[in-house]
Amino acid sequence: VAGPESANNAAAGGSLIPLLSLGIPPNPIMAIFFSALIIHGVQPGPLLIKQNPDLFWGLVASLYLGNVLLLLLNLPLIGVWVKVLEIPYKLLFPMILLFCLIGAYSIHNVIFDLYVMIFFGAVGWIMRKFGYEGAPLILAYVLGPMLEQALRQSLLISQGSFMIFISRPISGVALGIAFLLLLSNLLPFFKKRRRQYEEFKEQG
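Residues numbered from 1 in each chain as written. Predicted model: local features only at pLDDT ≥ 70, side-chain atom pairs only at ≥ 80, totals over all residues. Heavy atoms only, no water.

1. What about the overall build of the protein chain?
Within the protein chain, the regular secondary structure consists of eleven helices and zero strands. Each helix and strand of the protein chain, ordered N terminal to C terminal, gives the series α-α-α-α-α-α-α-α-α-α-α. Against the compact-globule benchmark of 17 Å for 204 residues, the protein chain has a radius of gyration of 23 Å, which places it well outside the compact range. Referenced to the eigenvectors of the C-alpha coordinate spread, the extents of the protein chain come out at roughly 60 × 60 × 40 Å. The buried share of the protein chain, taken over its 204 residues, is 12%. (Helix = DSSP H or I, 4+ residues; strand = E, 2+ residues; numbered from the N terminus. Rg over C-alpha atoms; globule rule 2.2 N^0.38 Å. Buried < 20%, exposed > 50% of the residue type's maximum accessible area, 1.4 Å probe, protein only.)

2. Considering the packing of helix α6 (residues 89-108) against helix α7 (residues 111-129)
Axis separation between α6 and α7 bottoms out at 8 Å; the angle between their running directions is 135 degrees. Overall, the two elements α6 and α7 adopt an arrangement that is oblique. Where α6 crosses over α7, the two elements pack in a sense that is right-handed. Across the interface between the two elements, L97, C100, L101, A104, Y105 and H108 from α6 touch I111, D113, L114, M117 and I118 from α7. The class makeup of the residues in the contact of α6 with α7 is nine nonpolar, one polar and one charged. (Axes fitted to C-alpha atoms, helices over the stretch in contact; angles between N-to-C directions. Parallel < 35°, antiparallel > 145°, perpendicular 65-115°, else oblique. Left-handed = near helix turned anticlockwise from the far one by under 90°. Contact = heavy atoms within 4.5 Å. Nonpolar A, V, L, I, M, F, W, Y, C, P; charged D, E, K, R; others polar.)

Just geometry here; none of it tells us what the structure is for.
Here's what the structure looks like:
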């Protein structure tokens, strides 16, 4: 138990590195944290330390403080946490849902927020059932307006020509790599079809 939990706690701090340095959230939790920073007007990226040093160093200090507090709390209360794991899921799930509803309603005191939470909860359940990751969806929701703004600025500079995206070396290479990554997702499908065709040909 200690090994996986130690790795889990270490991964939390490590996942902040690409988020704070490059502005790229590596997992769903960091994507939610990324959207929270954007909502509060903080842009994660290379200029974060220069523009918001108090936030950055406060976050680093909170990681050290959090690890110390976890150590002080978990050692004497480990028996309590074990008892929590014994709570049946049929009792734990309604409690979690109740607290989520209270939290969603308490922000603006509007019933519509509850419908939004239930709708996206159903969407998340469907995505998890069919094996879709939630992080790309959250990342697209956060970065979508920024992408549209940058696209409009680029087209204004180039007077409506899309050649600006491939004429520059950096943008051309980045788009080429992105295109190859998209094509790589189709390789398993083509390999499966080819294998089926060869099996069908052998049987025929």
